[in-house]
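Listed below, chain by chain, are the residues.
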Amino acid sequence: MSPLARRRLTLALTLLAIAAVALLGWRGYSARQAAQRQAAAAASAVPVIELAASDLATAHPVELRTGLPVSGTLKAVNTALVKARVPGELQGLTVREGDTVQAGQVLARVESTEPGDRLRQAEQQASAAQAQVAIAQRQYDNNAALVRQGFISQTAMDTSLANLNAAQANYRAARAGTEVARKSVADSVLRAPIAGQVSRRLAQPGERVVPEAPIVEIVDLRQLELEAPLSPADSLGVRVGQTAALQVEGAAQPVTARVVRINPSAQTGSRSVLVYLSVAAQPGLRQGLFAQGLLGTERQQALAVPLDAVRTDKPSPYVQVVQDGRIAHPTVSTGLRGDVDGTPWVAVQGVASGALVLRGSAGALREGTPVRPAAGAPSGAAAPATLSPAVAPAASPPPAPNALGASAAQPAA
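Not measured: the values here are computed from a predicted model. (Residues numbered from 1 in each chain as written. Predicted model: local features only at pLDDT ≥ 70, side-chain atom pairs only at ≥ 80, totals over all residues. Heavy atoms only, no water.)

1. Digging into the packing of aromatic side chains
Aromatic rings considered in pairs are described by the distance between their centres and by the relative angle of their planes. Under the defined criterion, the tally for this structure stands at one aromatic pair. Aromatic side chains W26 and Y29 sit 5.9 Å apart centroid to centroid with 40° between the ring planes, which places their arrangement in the tilted category. You can see W26 and its partner Y29 sitting in helix α1 (residues 3-45), three residues apart, about one turn around the helix. The exposed category is assigned to W26, whose relative accessible area is 56%. Take Y29: its relative accessible area is 22%, and that puts it in the partly exposed class. Directly above the aromatic system of Y318 lies the positively charged group of K314, at a separation of 4.7 Å from the ring centroid. (Phe/Tyr/Trp six-rings, centres within 6.5 Å; stacked < 30°, edge-to-face > 60°. Helix = DSSP H or I, 4+ residues; strand = E, 2+ residues; numbered from the N terminus. Buried < 20%, exposed > 50% of the residue type's maximum accessible area, 1.4 Å probe, protein only. Lys NZ or Arg CZ within 6 Å of the ring centre and 35° of its normal.)

Here you go:
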């Protein structure tokens, strides 16, 4: 082959190679453009999730209260069980459960003739003893005059003095018997020892009662307390004056209580230590209601988030944070747990103060999910940007290598 023919063949092959490379580059560029358009279309199709105010919370420094769980039954500090003191028929009992009574108010009477008869008998005996004293006194005065005149001996004088002393002693004993009988008559009238409300009526009018038979129970609801048993180890950190937030069954709002007494002795058998908490007066509280809560033994200021905002479905704990209108998952380390307004919070490190975090009620959202808070929701340190339905296209993937292993250069716009 001539040199000219060889040059022409080489030029033709070179042109064919250049055309093949250009064709492959064009196909790669077209494929990348199609992938970018598909990614942009997919990104624009992702819906923006609107978060309610109840789904969001702001990470901020709070005072965490740690303590001991306490529970027990509310009891009235002042209660009284009125019992019969004398036997007889119960009469005049008109108060019923829920009635208000005052201290000293007559509740009922026990009709009995025996105490009255005994009182009259004691009074007659006292009158007779008083007459004997008068006789002994006159005899003593006469003998004293006779002794001075020398008509009787000193022995007779001493005998009359002894008779006078015996008569006076008998009179004092008779008077004491009269007071005892009068007390029995007074015991037949049942009076309220304290002011309060009748919680139980244990007898009915017309019944015959015996001494120590319960008639009514009175409860003073102005002062209530909780008797909470604690283990010996837990009781070491309890001090008089510490406060607790109690949730009483049936009450919508927590009730404040304060430690007023600590039992100096452990209970036999259980070895528990009883702690007495005075409960603040509040309408609707009743004796016998069950209450439970947290007795604050320590306070600490720390950056915290709600406990349910910390998620553990990854190897490391994390929180869901709203950043620039999208969900991010920063890893956090947790610390002290405490109670804030009745809700458990936990101290965290790894988020900034004022960060907008999702509570557990919001569920798990993927990182990068577009969100926007609803009207009235907390906005955090800086309000997240409100997303429009159009979302910016995702970042372009790295260019695919061509057939020769080189990246095709994208044409200038």
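2. Regarding the sheet that holds strand β9 (residues 208-209)
In spatial order, the strands read β7-β6-β4-β9; together these four strands make up an open sheet with antiparallel pairing. Both edges of this open sheet fall to β7 (189-191) and β9, since each of them pairs with a single strand only. The pairing of strand β6 (residues 106-111) with β7 spans three bridges and is classified as antiparallel. Counted as the bridge partner of R109 is V189 from β7. (Pairing = 2+ DSSP bridges.)

3. Description of the side chain of R201
Checked against the element boundaries, R201 lands in strand β8 (residues 196-201). Buried R201, no salt bridge; nearest opposite-charge side chain is E97, N-O distance 5.5 Å. Side-chain polar atoms of R201 contact the backbone oxygen of V95, separated by 3.3 Å. Leaving out residues up to four positions away in the same chain, R201 has contacts with L93, T94, V95, R96, E97, I215 and V216. (Lys, Arg positive; Asp, Glu negative; His and termini not counted. Salt bridge = Lys/Arg side-chain N within 4 Å of Asp/Glu carboxyl O. Polar contact = N/O pair within 3.5 Å; in protein donor to acceptor, adjacent residues only side chain to side chain. Contact = heavy atoms within 4.5 Å.)

4. Concerning the nonpolar core
By size, the foremost hydrophobic cluster in this structure holds 24 residues, and its most contacted members are L74, L246, V248, L277 and V279. Of all elements in the fold, only β3 (60-83), β10 (214-230), β11 (243-248), β12 (255-262), β13 (273-279) and β14 (290-306) reach the threshold of two or more residues within this core. Apart from residues no more than four positions distant in its own chain, L277 is found in contact with L224, E225, L226, A228, A244, A257, R258, V259 and L295. With 19 residues, the next largest nonpolar core counts L90, L93, L190 and V209 among its residues. (Core = buried A, V, L, I, M, F, W, Y, C linked by side-chain atoms within 4.5 Å.)

5. Observations concerning the side chain of S235
For S235, the position within the fold is in helix α4 (residues 232-235). Those residues in contact with S235 that sit more than four places away from it in its chain are L230 and V273.

6. Let's talk about the confidence of the model for the protein
Detailed reading of the predicted model is not advised wherever pLDDT is low. In this model, the protein carries a mean pLDDT of 82, and residues with pLDDT of at least 70 account for 89%. Low pLDDT, under 50, characterises residues 382-413; the stretch is placed with 34 contacts to residues that sit more than four places away or in other chains. (pLDDT = per-residue confidence, 0-100.)

7. Side note on the pattern of salt bridges
For the coordinates displayed, the defined rule picks out ten salt bridges. For R222, the salt bridge is made with D220, and the minimal N-O distance between the two is 2.9 Å. Here D313 and R311 are joined by a salt bridge, their closest N and O atoms 3.7 Å apart. Judged by relative accessible area, which is 48%, D313 ranks as partly exposed. Several salt bridges converge on common partners, so that one network encompasses E123, E179 and R182.

8. Examining the environment of L236
Considering the arrangement of structural elements, one finds L236 in the loop between α4 and β11. The sequence separation of L236 and V273 amounts to 37 residues, and the corresponding C-alpha distance is 9.7 Å.

9. Focus on helix α2 (residues 113-149)
Compared with the 54 Å implied by 1.5 Å per residue over 37 residues, the 55 Å span of α2 between its first and last C-alpha is a close match. Among all positions of α2, only P115, G116, L119, A122, A126, A129, V133, A136, N143 and A144 are buried. Backbone geometry just downstream of α2 places G150 in the positive-phi region, at approximately 80°. (Expected span 1.5 Å × (residues − 1).)

10. Overview of unusual backbone geometry
Phi is positive for R271, which is not a glycine, with a value near 60°. The backbone phi angle of D324 is positive, close to 55°, even though this residue is not glycine. Within the secondary structure, D324 is located in the loop between β17 (321-323) and β18 (326-328).

11. Examining a nonpolar patch on the surface
A grouping of L9, L13 and L16 is seen on the molecular surface, where their side chains present a nonpolar patch of about 310 Å² in accessible area. Relative to the helices and strands, L9 is located in helix α1. Relative accessible area serves as the criterion here: at 46%, L9 is assigned to the partly exposed category. (Patch = residues over 30% accessible without salt bridge, like charges linked within 9 Å, V, L, I, M, F, W, Y side chains within 5 Å. Areas by Shrake-Rupley, 256 points an atom, 1.4 Å probe, with all protein chains shown as cover.)

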